[in-house]
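# Report on the structure
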Amino acid sequence: MREKWRNWYEAHLSRWIPAYAFFPLIGCFLWNCLIYWGTQQIILGLGLQVHDITSALDRMVPFQPVWVSVYVLSYPFWVVSYALTARESSREDWFRFVFADMLSRLICGIIFLAYPTTNVRPDILGDGFWDTLMGLIYSLDPPLNLFPSIHCLASTMSWLGIRKCTGIPAWYRNFTLVFALLIFASTLFTRQHCIADVAGGVLIAAGCFWIGRRLRW
């Protein structure tokens with residue numbers, strides 16, 4: 001069975017993602033889901049106190065539902081970025097990236113449980129396409145686990161993973177940074193996060209990536 005799987009993989013998927021990177025890539029996704037959704041269930045189940053760290057500066061940011069377009073596009077952006085990182089990195093660099101990514105989610109999970117955060121979302125008054133989509137996001141994603149922002153963390157990891165992959169065109173590496181910055185903005189304009197959430201996500205991603213690059217495990 002293992003040999004058949006290996007032959008099928010080599011014939012169909014190996015040019016996109018190396019075999020050694022496939023299961024760690026899936027593992028990153030599953031670990032992210034476990035941390036994000038699992039801690040939400042614990043917070044709700046235990047009735048933990050939640051904190052609103054929205055600042056006066058955050059309240060000055062206008063609510064712009066059209067930015068939900070960028071917010072939603074972050075999901076395929078992460079998939080493509082992580083897959084490209086797996087394909088273009090050396091085996092060692094890839095596993096360092098996986099370690100950093102999983103460590104960052106573990107830190108997030110600890111913070112989510114130790115200091116749960118929430119915010120007060122604005123009323124959606126319009127009935128246009130972006131308003132409807134924004135309302136759908138609000139209904140599917142309760143205002144929990146906001147600090148640090150996993151949206152901003154994963155976007156930062158996407159850029160950090162790709163930025164030195166010389167096999168990827170420079171224009172796309174630059175695009176990854178620009179789009180990550182747009183995702184940061186989208187989390188604020190959609191009121192999914194506040195400035196502290198964005199900063200927390202970026203700092204944890206950068207710190208874990210730095211650790212992953214320097215450990216000799």
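Right above here is the structure, for reference.
A brief look at the structure comes next. (Residues numbered from 1 in each chain as written. Predicted model: local features only at pLDDT ≥ 70, side-chain atom pairs only at ≥ 80, totals over all residues. Heavy atoms only, no water.)

Per the secondary structure count, the chain includes nine helices and two strands. Secondary structure of the chain in N-to-C order comes out as α-α-β-α-α-α-β-α-α-α-α. Its C-alpha radius of gyration of 18 Å places the chain within 12% of the 17 Å reference for a compact globule of 217 residues. Of all intrachain contacts in the chain linking residues separated by at least 6 positions in sequence, the fraction that spans at least 24 positions is 86%. When the accessible area of the chain is evaluated, it comes to approximately 11700 Å², of which 69% is carbon and sulfur surface. Separation between the mean location of the 17 positive side-chain charges and that of the 13 negative ones in the chain comes to 12 Å. (Helix = DSSP H or I, 4+ residues; strand = E, 2+ residues; numbered from the N terminus. Rg over C-alpha atoms; globule rule 2.2 N^0.38 Å. Contact = heavy atoms within 4.5 Å. Areas by Shrake-Rupley, 256 points an atom, 1.4 Å probe, with all protein chains shown as cover. Lys, Arg positive; Asp, Glu negative; His and termini not counted. Charge placed at Lys NZ, Arg CZ, Asp CG, Glu CD.)

Before going further, it helps to examine the pattern of salt bridges. Scanning all chains against the criterion turns up four salt bridges. Linking Asp101 and Arg105 is a salt bridge whose minimum nitrogen-to-oxygen distance equals 2.9 Å. On the criterion of helical spacing, the pair formed by Asp101 and Arg105 is a turn pair, its members being four residues apart in helix H5 (residues 91–114). The exposure class assigned to Asp101 is buried, which follows from its relative accessible area of 1%. (Salt bridge = Lys/Arg side-chain N within 4 Å of Asp/Glu carboxyl O. Buried < 20%, exposed > 50% of the residue type's maximum accessible area, 1.4 Å probe, protein only.)

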